[in-house]
Amino acid sequence: MSKTLHHGLLILRLLSEHPRGLTITDVAERIGVHRTVAHRLVRTLEAHQLCRRDGQRRIVLGTGLVTLAEPVEQDLRALARPVLDELAEATRATAHLLVREGTQDMRALMVVEPRGALAHVSFRPGQTHSIQQGSGGLALLAGGPYRDGERPEVTEARAKGYAVTMGEVIPAVIGVSAAVPSHRGEATTSIGVSVFEPEGIDDLGRTVVEAAKRLGNLLT
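Each value, and the rule that gives it
- Residues numbered from 1 in each chain as written.
- Predicted model: local features only at pLDDT ≥ 70, side-chain atom pairs only at ≥ 80, totals over all residues.
- Heavy atoms only, no water.
- Buried < 20%, exposed > 50% of the residue type's maximum accessible area, 1.4 Å probe, protein only.
- Helix = DSSP H or I, 4+ residues; strand = E, 2+ residues; numbered from the N terminus.
- Pairing = 2+ DSSP bridges.
- Axes fitted to C-alpha atoms, helices over the stretch in contact; angles between N-to-C directions.
- Contact = heavy atoms within 4.5 Å.
- Salt bridge = Lys/Arg side-chain N within 4 Å of Asp/Glu carboxyl O.

A.B. asks: How would you explain the pairing of strand S8 (residues 189-195) if you had to name every residue and give the values?
C.D. replies: Judged by how many residues are buried, S8 sits mostly within the fold: 7 of 7 residues are covered. Of the two faces of S8, the one carrying Thr189, Ile191, Val193 and Val195 and the one carrying Ser190, Gly192 and Ser194 are both buried.

Right, dumping it as structure tokens:
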């Protein structure tokens with residue numbers, strides 16, 4: 001493994017977790033390198049527009065990342081956008097599309113907030129969490145056979161067709177998700193909503209399942 005490339009990627013991940021930016025000293029300390037090394041790494045990333053200095057000379061992510069990210073799951077995002085828009089407006093809740101990353105993680109690929117809602121959950125695309133946490137991951141796990149020791153929420157999701165969790169990814173927020181049916185093997189994508197109130201969860205679940213089916217049909 002290339003140490004230089006590894007440290008450069010660590011910097012990008014670090015900056016994604018600190019949208020207000022970091023100093024060179026912060027970067028050096030957090031990735032465990034000398035300040036001079038961190039400076040060279042940042043200069044290289046700056047040359048490729050992957051990071052930049054803000055008005056306070058703090059290092060933040062650069063616009064070059066947008067160009068790199070654009071082709072990622074482009075077809076999936078294009079097909080999912082109208083489904084997520086409709087789901088967000090129908091439920092007056094934040095809708096999200098999560099994809100399985102590797103064997104243990106889920107990544108938020110798209111997040112759509114409802115227009116005009118008095119209050120709604122807000123989080124950024126790109127965030128990752130364990131597949132064992134949150135309704136999106138549990139919905140995918142429910143698509144497989146029963147496993148000894150699996151969480152009761154997974155067993156329940158297998159029976160209902162959708163998973164429900166509370167406060168596992170965002171404190172005090174309820175997630176309701178369903179796996180997007182796949183005709184090419186095991187499902188790797190889930191669609192869902194995030195809400196504050198537990199009322200009407202069964203109705204939300206059925207609405208999410210229908211959205212997942214629509215997206216699955218579009219992907220065939």
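A.B. asks: Provide a residue-level description of the sheet that holds S8, including the pertinent values.
C.D. replies: One open sheet holds the 6 strands; their spatial order is S5-S4-S3-S8-S7-S6, and the pairing between them is antiparallel. Looking at strand neighbours, the two that pair on one side only are strand S5 (128-130) and strand S6 (163-166), the edges of this open sheet. Across the sheet, the mean angle from the axis of one strand to that of its neighbour is 30°, orientation sign disregarded. With 6 bridges joining them, strand S3 (residues 94-101) and S8 adopt antiparallel strand pairing. Each residue of the ladder has a partner; that of His96, found in S8, is Gly192. Contacts from helix H6 (residues 134-141) reach S3, strand S4 (105-112), S6, strand S7 (174-179) and S8, with the element oriented near 30° to S7.

A.B. asks: Before we move on, could you go through the pattern of salt bridges and cite the residues and values that matter?
C.D. replies: Tallied over the entire structure, the rule returns 14 salt bridges. With a shortest N-O distance of 3.7 Å, Glu86 and Arg214 are connected by a salt bridge. Pair noted here: Glu86 is in helix H5 (residues 74-91) and Arg214 is in helix H8 (residues 201-219), with a separation of 128 residues, a long-range link. Arg214 sits in the partly exposed class, given a relative accessible area of 33%. One salt bridge in this structure joins Lys160 and Asp202, with 3.8 Å as the shortest N-O distance.

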